[in-house]
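What follows is each chain in one-letter form.
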Amino acid sequence: MARIKKNVEIDLPSGQNPVLTEPGKPVKRWFWKDERLRFLMGLLVCLFAAFTTIAMFSYVFTWAEDQSLAQDPDAGTTEVTAGNAAGKIGYRWAHLLVGTYFGIAAFFLPFLFGMWGLYLLKVKGLPLLKSFIVSVTGLILLSVTLGFVFTYTSWQGLLGNGLGGLHGFYTARWLEAEMGIAGTALLLFFLLVMWGVLINKRVIHFLEQLFSRKKNVEPQYLADPEEGDVETQDIVSPEDDDDVETQDIAPSGDDEEEIDEEGEEGEEEVDEEEEEECDDDVEPQDFAADDDDEIQLEVDEKEDEDSIPAEILNNRTLFDPTLELSGYKRPPLDLLSDHKSATARVSETELEKNKNKIVKTLNNYKIGIEKIIATIGPTVTLYEIVPKAGVRISAIKRLEDDIALSLAALGIRIIAPIPGKGTVGIEVPNEHPETVSMLSVVKSAKFQEAKYDLPVVLGKTISNETYAFDLAKMPHLLVAGATGQGKSVGLNAILTSLLYKKHPAELKFVLVDPKKVELTLYSKIERHFLAKLPDADESIMTDTQKVVYTLKSLCKEMDERYDLLKQAQVRNIKEYNERFANRRLNPQKGHRYLPYIVVVIDEFADLIMTAGREVEDPIARLAQLARAIGIHLVIATQRPTTNIITGLIKANFPARVAFRVISSIDSRTILDTTGANQLIGRGDMLVSTGNEMIRVQCAFVDTPEVEKICEYIGAQRGYEHAFYLPEYTGEESGDGNGPGEVDLNRRDKMFDEAARVVVQHQQGSTSLIQRKLNLGYNRAGRIMDQLEAAGIVGPFEGSKARQVLISDLDTLARKLNALNTL
């Protein structure tokens, strides 16, 4: 089966049928573009490096017994054997490098060969330029140093020509003749220190600890902006009290080792060449500034922040919210599976067949075209048509059903015209659609190198590009689609993206799952990423009343955060956390680090049906105000109707994701336009961000993959408990002291209004209270029990409505006044 390139272009010469052609290829390809040749060269260099290492290690122990092989004329015969593990060739090669030229320092060479071989094999994250510089300078410097140190010792004849080889011996003799022994020793010492500093900056800290004693610096909190003063801090000097232990505010050795293990050394200066070769799978992080010039600060009087010397501001240690879980490791990529199928590929035959049918159908209606460009996607191929001059776009748009009939395919969609291009697009489903795995999009460079606050990757676009966005800028997301079209997989893709990029200290989830089976896997990460009410038994919200309380608790959290932003005189959570990390906000005055909170609701329609305005009101308030303080909503529903997705909800959710729906009316409810009803299902979706609409194939993440990710995170050390939201007590009254008992002193706030509705309509119906007052069923039922206890309605009579015991509003008013005097 032939391989098909993307963006295949179809040129139409005059009077000829369109023929599928590819852009011109260069006659000769560059050497490194041949993947097979590059792989073979890389493998050969790696094996050569391994052979050299074995030969050199063996030479160190067998050089004396094999020394005759260098001069023996019969050494090439089979009767003469070598003690070297690499044979006679290995001995001669090692004798040339170790015994003759560089001595022990020659071990830098196989390391350099190995790095070059791995680079040819496209192993990412290798600082090739730095390895070359370190290896060459280390080879020369170590050879000369060993030649100088062991010249006058009994080890001079080791390995044939000394531990430094002939290069080290003669170079050391020349330096002694020019500078003397003392000058040569000082020069070599300086060069060794400089070489070590270039390799690792922490050598400077080690040398400073040898010659000086660091003093303790306590972190100082500057004044709040609205007060302009500095808290008075008393710092005890080590000279004043010998019993006081001094501590460094620099990161401890353990923390530095953990940073080294993750490949994230924030203190090293990296050249541009190294940055181009950095590992795509490593997430860049910002670390505290260097504390090379630590000073001891004592503040005895109040002063403005502007009057504090600049060197003090620059040398404060940054607050790191991740230190409490400094050992936390993000999930590795091998927890995800590659679901790509080798047979899911568009053939030239399929492209040619679809092209001919499109051209024939357009010719039947006398619509001429100049060129067709085919862009192959994972599940859909986009045919971009350049119509001839004078052809109306609306004429092509009207042929949507005719083209679908000729191609005998579902999900045909015409984009007339394509925004930003002078073409008309016809999207045709592939015969063998490709499954986009979550692994392929998570490991992509676009996602790994993303600098977003809340990076989310959904899948691949129609041009096979990874589609990622920043949830913090959306700022809320509405997901809708019919049953079984991929909504739950889409939610799992969003959650998985955030788990792969964020630390537990930076992000918390509030998960609402009325179906009780979709999000239960995430309960394993409760002590890491989940947030809940302090008195909640479960971290995954399933009870409607608990969901109402949680949403109203989030509103309280929102108000508290806005108060903190007001005190700090900043406009959003990012600026606030930056000021807190720079220790410009004092925790003793209520300031704290604010993590992002993402609220995920799996089935919004069920909540609206059971709770009504009790759910809609706090969600609308959060959607309107919570963006600036880091609370973001992701709401999914399988009923995209106007009574579920109301105008108030749509107005505050500019970003929407539509999976396949049944009718064009549902598509208009979600996207304000048709198109979602023409999708092919199985993760095919349209993403609208307000300005443009993009067709994306959702990445597939299976339940076992989600389970493995949650188990990996849950097995690590977490916080003592989940992130607690502010406490919230329900406004409405509950039952009395026990079942069947109602305390009229704790009546619902809507009790009086509900009584007037019942008396006015002379119908004791719970559904009447629901409709008239926009209340949930549970709350309306409790109000009905209170009306019965107050003597306004009669007892429950099965399917019949309760009898109303008061006939007019005047009698009801006297009754309510009597209840209020209790």
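Residues numbered from 1 in each chain as written. Predicted model: local features only at pLDDT ≥ 70, side-chain atom pairs only at ≥ 80, totals over all residues. Heavy atoms only, no water.

1. Considering the overall build of the protein
Right, on to step 1. When its secondary structure is counted, the protein shows 27 helices and 18 strands.
Right, on to step 2. Out of the 822 residues in the protein, the part that is buried amounts to 46%.
Right, on to step 3. The contacts of the protein with a sequence gap of at least 6 include a subset with a gap of at least 24, amounting to 68%.
Right, on to step 4. Total accessible area on the protein is roughly 41,900 Å²; 53% of this is exposed by carbon and sulfur atoms. (Helix = DSSP H or I, 4+ residues; strand = E, 2+ residues; numbered from the N terminus. Buried < 20%, exposed > 50% of the residue type's maximum accessible area, 1.4 Å probe, protein only. Contact = heavy atoms within 4.5 Å. Areas by Shrake-Rupley, 256 points an atom, 1.4 Å probe, with all protein chains shown as cover.)

2. Describing the packing of aromatic side chains
Right, on to step 1. Inspection of the entire model under this criterion finds 12 aromatic pairs.
Right, on to step 2. Judged by centre distance (6.4 Å) and plane angle (45°), the rings of Phe319 and Tyr593 are tilted. Of this pair, Phe319 sits in the loop between α9 (310-314) and α10 (348-364) while Tyr593 sits in the loop between α18 (573-581) and β13 (596-601); the two residues are 274 residues apart in sequence, bridging distant segments of the chain.
Right, on to step 3. Classification of Tyr593 by relative accessible area gives partly exposed; the value is 22%.
Right, on to step 4. Through a chain of ring-to-ring contacts, three or more aromatic side chains come together here, namely Phe48, Trp93 and Phe113. (Phe/Tyr/Trp six-rings, centres within 6.5 Å; stacked < 30°, edge-to-face > 60°.)

3. Regarding the pattern of salt bridges
Right, on to step 1. Taken as a whole, this structure holds 23 salt bridges when the rule is applied.
Right, on to step 2. In this structure, Glu707 and Lys524 form a salt bridge, with 3.6 Å as the shortest nitrogen-oxygen distance. Placement of the pair is Glu707 in helix α23 (residues 703-714) and Lys524 in the loop between β10 (507-512) and α16 (526-529), with a sequence separation of 183 residues.
Right, on to step 3. Between Lys650 and Asp672 there is a salt bridge whose closest N-O contact spans 2.7 Å. Residue Lys650 is located in helix α21 (residues 647-651), and its partner Asp672 is located in the loop between α22 (664-671) and β16 (684-688); the two are separated by 22 residues in the primary sequence.
Right, on to step 4. A relative accessible area of 17% places Lys650 in the buried class.
Right, on to step 5. Judged by relative accessible area, which is 48%, Asp672 ranks as partly exposed.
Right, on to step 6. Within the structure, one salt-bridge network assembled from shared partners comprises Arg413, Glu427, Asp684 and Arg695. (Salt bridge = Lys/Arg side-chain N within 4 Å of Asp/Glu carboxyl O.)

4. Some words on the sheet that holds strand β7 (residues 455-461)
Right, on to step 1. Reading across the sheet, the 10 strands line up as β8-β7-β17-β16-β15-β9-β14-β13-β10-β12 and stay open at both edges, with mixed pairing between neighbours. Since the sheet does not close on itself, it has two edges, and those belong to β8 (466-470) and β12 (540-541), each with one partner.
Right, on to step 2. Where β10 meets β12, 2 bridges bridge the pair, whose relative direction is parallel. Residue Leu511 lies in a different strand from β12, and its bridge partner there is Ile540.
Right, on to step 3. Sheet strands in contact with helix α17 (residues 544-568) are β10, β12, β13 and β14 (631-637), and its direction is about 155° off that of β13. (Pairing = 2+ DSSP bridges. Axes fitted to C-alpha atoms, helices over the stretch in contact; angles between N-to-C directions.)

5. What about the confidence of the model for the protein?
Right, on to step 1. Across the protein, pLDDT averages 77, with 76% of residues at or above 70.
Right, on to step 2. Confidence drops under pLDDT 50 across residues 11-30; counting only partners more than four residues distant or on other chains, this segment forms 37 contacts.
Right, on to step 3. Across residues 213-313, confidence stays below pLDDT 50; counting only partners more than four residues off in sequence or on other chains, it has 158 contacts. (pLDDT = per-residue confidence, 0-100.)

6. Here's the deal with unusual backbone geometry
Residues apart from glycine generally show negative phi values, whereas peptide bonds are mostly found in trans.
Right, on to step 1. Going from Met474 to Pro475, the amide bond is cis rather than trans, its omega being -5°.
Right, on to step 2. Its place among the elements puts Pro475 in the loop between β8 and β9 (477-480).
Right, on to step 3. Although it is not a glycine, Lys366 sits at a positive phi angle of roughly 55°.
Right, on to step 4. Assignment of secondary structure puts Lys366 in the loop between α10 and β3 (369-376).
Right, on to step 5. Phi at Asn464 is positive, roughly 65°, even though this residue is not glycine.

7. Structural notes on the environment of Arg771
Right, on to step 1. Here Arg771 is to be found in helix α25 (residues 766-773).
Right, on to step 2. Among the residues examined, Arg771 registers a relative accessible area of 53% and is labelled exposed.
Right, on to step 3. Counting along the chain gives 159 residues from Arg771 to Gly612, while the straight-line C-alpha distance between them is 9.4 Å.

8. Looking at the pairing of β10
Right, on to step 1. Most of β10 sits out of view: 6 of its 6 residues are buried.
Right, on to step 2. Burial along β10 is two-sided: Leu507, Phe509 and Leu511 and Lys508, Val510 and Val512, pointing in opposite directions, are all buried.
Right, on to step 3. Of the pairings in the sheet, the one linking β10 to β13 comprises 6 bridges and is parallel in character. Bridged to Leu507 within β13 is Tyr596.

9. Here's the deal with the side chain of Thr466
Right, on to step 1. Inspection of the secondary structure puts Thr466 in strand β8.
Right, on to step 2. Other than its neighbours up to four places away in sequence, Thr466 contacts Val441, Ser444, Lys446, Val457, Gly459 and Lys460.

10. Looking at the environment of Val391
Right, on to step 1. Turning to its location among the elements, Val391 is positioned in the loop between β4 (380-387) and α11 (393-397).
Right, on to step 2. For Val391, a relative accessible area of 23% corresponds to the partly exposed category.
Right, on to step 3. Taking the C-alpha atoms as reference points, Val391 and Lys366, 25 residues apart in sequence, are found 9.4 Å from one another.
Right, on to step 4. When residues no more than four places from it in sequence are discounted, the contact partners of Val391 are Ile367, Gly368 and Ile396.

11. Points about α10
Right, on to step 1. In this model α10 runs 24 Å from its N-terminal to its C-terminal C-alpha over 17 residues, within 8% of the 24 Å that 1.5 Å per residue would give.
Right, on to step 2. What α10 keeps buried is the set Glu350, Leu351, Asn354, Lys355, Ile358, Val359, Thr361 and Leu362. Along α10, the residues classed as buried sweep out an arc of 160° about the axis, all on the same side. When the buried face of α10 is taken as reference, the exposed residues oriented beyond 90 degrees from it are Thr349, Lys360 and Asn364. (Expected span 1.5 Å × (residues − 1). Arc of directions from axis to C-beta.)

12. What about α22?
Given 3.6 residues to a turn, an α-helix orients residues that are three or four positions apart in the same direction.
Right, on to step 1. The set of residues buried in α22 consists of Asp666, Ser667, Thr669, Ile670 and Leu671. Viewed end-on, α22 has its buried residues packed into an arc of 165°, placing them on one side of the element.
Right, on to step 2. In the core, the buried residues of α22 are packed alongside β9, α21, β15 (655-659), β16 and β17 (693-698).
Right, on to step 3. After α22 finishes, the residue Asp672 shows a positive phi value of roughly 65°.

13. Things to note about the pairing of β7
Remark: a regular strand shows side chains that alternate across the two faces of the sheet.
Right, on to step 1. Extensive coverage of β7 is indicated by the burial of 7 of its 7 residues.
Right, on to step 2. Across 5 bridges, the pairing between β7 and β8 is antiparallel. Paired with Pro455 across the two strands is Asp470, which belongs to β8.
Right, on to step 3. Taking the residues that link successive antiparallel strands as the turn, the β7-β8 hairpin has 4 residues, and the phi of Asn464 there is positive, at about 65°.
Right, on to step 4. Bridge count for β7 against β17 is 3 bridges, and the pairing is antiparallel. Bridge pairing in β17 places Thr461 opposite Val696.

14. Topic: the packing of helix α4 (residues 128-149) against helix α5 (residues 165-199)
Right, on to step 1. Contact pair α4 / α5: the axes reach a minimum separation of 8 Å and the direction vectors enclose 140°. Considering the angle they form, α4 stands oblique to α5. The chirality of how α4 crosses α5 is left-handed.
Right, on to step 2. Of the residues in the contact of α4 with α5, the class split is 15 nonpolar, 9 polar and 3 charged. (Parallel < 35°, antiparallel > 145°, perpendicular 65-115°, else oblique. Left-handed = near helix turned anticlockwise from the far one by under 90°. Nonpolar A, V, L, I, M, F, W, Y, C, P; charged D, E, K, R; others polar.)

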